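# Commentary on secondary and tertiary structure
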Amino acid sequence: MCGIIGYIGNKAAEPILIKGLKKMEYRGYDSAGLCLANNGKLLTIKRKGEVNELEKAIKNEKIKESKYNIGIAHTRWATHGSPSKINAHPHLDSENKIAIVHNGIIENYDSLKEILKKDKVKLRSETDSEIIAHLISKFYKGNLKEAVKKTVKLIEGSYGLAVIDKQANKIIATRNSSPLVIGVGKNETFVASDPLALMSETKKIIYLKDKQLAEINGKDFVIEDYIGNEVDFEIIELKLEAAQIEKGNYKHFMLKEIFDQPQSLRNLLAGRLKDEEIKLSLNLKNKKWRRIILCACGTSWHSCLIGKHFIEKYTNIPVEVDYASEFRYRNPVVGKNDLFIAVSQSGETADTLAALREANLKGADSLGIVNVVGSTISREVNSGVYLHAGPEIGVASTKAFSSQVLAFLLLSLYLQQEKGEKLDKKTIKEIKRLPQLVEEVLKTNQQIKKIAKKFNSINNFLYLGRGINFPVALEGALKLKEISYIHAEGYPAAEIKHGPIALIDKDLPSLFLATKDELLEKIISNMQEIKARGGKIITIANEKRKELIELSDYVVYVPKTTTELAGIVNSIPLQLLAYHTADLKNLNVDRPRNLAKSVTVE
Ligand code: F6R
């Protein structure tokens, strides 16, 4: 999704901005631009397509780098208006004296446009963002900060905003429901929507809160609210190493992140599983909830479906799983007797954040299962479990998913332990063994690549499972469709005879999750239903059963484990299958079309 970076200091701004934009490429974008300011002049360059295109355009301009010590830059992921040079940010006012970059959506765009129409302002682009530049210009009476304040007070919607003017002596940055951080350097200051963009410049970060505004002049900065009161802030030291956001020897980030999983799961377990005890430092209001609500989007929602199995099993508390986008607009019945769990890799997903705010407002206890440290969701929950999976750069979530599932298992066992019940030794032993099990299952990589070769020209795919393996099937299907553009559906295996079985023929392969659990016999019957209709079958199994082998065209064997941990182990061959299928089709695995890594608009 859109990315913002801004710089003011004593160095040349342009290379820093370009480097920052490149670090945010993983988020998904379709155009890029920057605006540099020098006393009395703004220089704006924008391009459709990759940051490389922008870089080439800048080279052609033959910029004297040393002249420009202040600038803002942006990668755009189109919402209002198609991807194009004109719609790319920064946007300027009619007199080219003010430039803005904006992430988010302006909901009252039409009414704000009317104000500008009366002033006979001609809009150059189709974007909602451009009006911000014109409104600031309208209110500008020599004080940029005051003009920005007047403008944002009119805006309904979400924004992360960085603004410069041609006086070239400050950046004004502010946010509402869209992430923005200030990076603190020595005689230089940065603004970014993603701390990763600043990794090679500074690790000292301040997370701006909603409706806070920063005035930055390179040497110094002030953060205040919209009334003008200075606010306290905390400078946080990012604990990230540059190598964590490099691909290393892997062809793609996604493949690296799939192979990171033994380590990312170890990171999650570190300090949280001691001897036979689960150690989580949670600050929950009470533990006698009448209900637990799990809320998320996409892959994180799939992890919630598995989480429901764990929580209900170990705590006996009823669990509901909701799509954040549905929950937030339903006027949901939620209150102080409920625990609301928001699950998000990025911690910035707009719908999940809005759902959390709704639950908090109605008095629910809240907990976050989040990967990105310091993200908005992690700061707005009462309590939380960080995944510590490290940065996930590939758009398709892999290591965050396995960590979310493990976090749910630890949380469920922790809640059981808090009730004074003894934990099942076998489960604890298996959790400790999990990183090794994942190392083992990763050895199926080459076999799966061969299977991907057989199926990569297929147009449709079914993923079938039961119990915990049903959400695994949903997740496998999502992985395949999002990066290989093959239509795939996940289904509860028993449900196919209620409709989808009509689709089965030799061109619709089914992937069955048929590892040993109490539902295996039932799954075998479902496989027979498919085979009888001429469907091809790929099976994920953990024992060499005659019927499974006879019914399957291909069998991938994964290590044996408990039903709970099978959710993680079984999802890994599906990640690999999606990866190899997309790679064999020469697709952009890490940045699939139309997708963004962190969905900060609803
Ligand atoms: C799919 C994927 C998305 C995300 C979803 C939620 O591979 O990554 O479906 O899971 O956009 O994102 P987070 O977890 O950041 O809230």
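## Topic: the packing of helix 8 (residues 298–315) against helix 15 (residues 469–484)
Contact pair helix 8 / helix 15: the axes reach a minimum separation of 9 Å and the direction vectors enclose 165°. For the element pair helix 8 / helix 15, the angle class is roughly antiparallel. Viewed along their axes, helix 8 and helix 15 form a crossing whose handedness is left-handed. Facing helix 8, whose interface residues are G298, T299, W301, H302, L305 and I306, helix 15 presents P471, V472, L474, E475, L478 and K479. In the contact of helix 8 with helix 15, the residues fall into 7 nonpolar, 3 polar and 2 charged.

## Quick notes on the pairing of strand 25 (residues 537–541)
Counted residue by residue, strand 25 has 5 buried out of 5 residues, so it is predominantly covered. Pairing analysis gives 4 bridges linking strand 24 (residues 510–513) to strand 25, with the strands arranged parallel. Within strand 25, the position partnered with S510 by the bridge is I537. Remark: the strand 24/helix 16 (residues 520–531)/strand 25 crossover connection has right-handed handedness. Pairing of strand 25 with strand 26 (residues 554–557) involves 4 bridges; the strand directions are parallel. Bridge pairing in strand 26 places A541 opposite Y557.

## Some points on the side chain of S346
Position of S346 among the secondary structure elements: in the loop between strand 19 (338–344) and helix 10 (350–361). Side-chain polar atoms of S346 contact the side chain of S344, separated by 3.5 Å. Reaching out from S346, the side chain makes a polar contact with the side chain of T349 at a distance of 3.3 Å. In contact with S346, other than residues within four places in its own chain, are V372, S375 and S598.

## Examining the nonpolar core
One finds I292, I341 and Y463 to be the most contacted residues of the largest nonpolar core, which totals 85 residues. The leading source of residues in this core is helix 12 (residues 399–418), at 11 residues. The residue makeup of this core includes at least three contributed by each of domain 2 (247–423) and domain 3 (444–584).

## Here we look at the sheet that holds strand 25
Within the open sheet, the 5 strands sit side by side as 23-22-24-25-26. Their pairing is parallel. Two strands in the sheet have a free side with no partner beyond their single neighbour: strand 23 (487–492) and strand 26. Within this sheet the neighbouring strands show an average axis-to-axis angle of 20°, counted without direction. Along the sheet, helix 15 makes contact with strand 22 (460–465), strand 23 and strand 24, crossing strand 23 at roughly 175°. Here helix 18 (residues 563–584) sits on the sheet in contact with strand 22, strand 24, strand 25 and strand 26, set at roughly 160° to strand 24.

## Re the packing of aromatic side chains
Applying the stated criterion across every chain, the model contains 8 aromatic pairs. Plain terms: the ring middles of F221 and F233 are 5.4 Å apart, the flat faces sit at 45° to each other, and that makes the pair tilted. Of the two residues, F221 sits in strand 13 (residues 221–225) while F233 sits in the loop between strand 13 and strand 14 (236–237), which places them 12 residues apart along the sequence. Under the relative-accessibility criterion, F233 is labelled partly exposed at 40%. Ring centres 5.2 Å apart and planes at 45° place the aromatic pair F327 and F340 in the tilted group. Here F327, found in helix 9 (residues 324–327), pairs with F340, found in strand 19; they are 13 residues apart in sequence, far enough to count as distant. The exposure class assigned to F327 is buried, which follows from its relative accessible area of 1%. Of the aromatic side chains, those joined through ring pairs into one cluster are F455, F461, Y463 and Y554. Of note, K544 hangs over the ring of Y557, and the distance from its end group to the ring centre comes to 5.0 Å. The residue whose ring lies beneath R593 is Y485, and the NZ or CZ to ring-centre distance is 3.8 Å.

## Some details on the site of the ligand
What surrounds the ligand is a group of 14 residues, the closest being S300, S344, S346, T349 and E482. At a separation of 3.1 Å, an oxygen atom of the ligand approaches a polar backbone atom of T299. A distance of 2.6 Å separates an oxygen atom of the ligand from a polar atom in the side chain of S344. Only helix 8 and helix 15 provide two or more residues apiece to the shell around the ligand. Grouping the constituent residues of the shell around the ligand by class yields 4 nonpolar, 8 polar and 2 charged. Counting the residues that make up the shell around the ligand, at least three belong to each of domain 2 (247–423) and domain 3 (444–584).

Rules of the game
- Residues numbered from 1 in each chain as written.
- Predicted model: local features only at pLDDT ≥ 70, side-chain atom pairs only at ≥ 80, totals over all residues.
- Heavy atoms only, no water.
- Axes fitted to C-alpha atoms, helices over the stretch in contact; angles between N-to-C directions.
- Helix = DSSP H or I, 4+ residues; strand = E, 2+ residues; numbered from the N terminus.
- Parallel < 35°, antiparallel > 145°, perpendicular 65-115°, else oblique.
- Left-handed = near helix turned anticlockwise from the far one by under 90°.
- Contact = heavy atoms within 4.5 Å.
- Nonpolar A, V, L, I, M, F, W, Y, C, P; charged D, E, K, R; others polar.
- Buried < 20%, exposed > 50% of the residue type's maximum accessible area, 1.4 Å probe, protein only.
- Pairing = 2+ DSSP bridges.
- Right-handed = clockwise from strand over helix to strand, strands pointing away.
- Polar contact = N/O pair within 3.5 Å; in protein donor to acceptor, adjacent residues only side chain to side chain.
- Core = buried A, V, L, I, M, F, W, Y, C linked by side-chain atoms within 4.5 Å.
- Domains from an automatic or database assignment.
- Phe/Tyr/Trp six-rings, centres within 6.5 Å; stacked < 30°, edge-to-face > 60°.
- Lys NZ or Arg CZ within 6 Å of the ring centre and 35° of its normal.
- Near = heavy atom within 4 Å.

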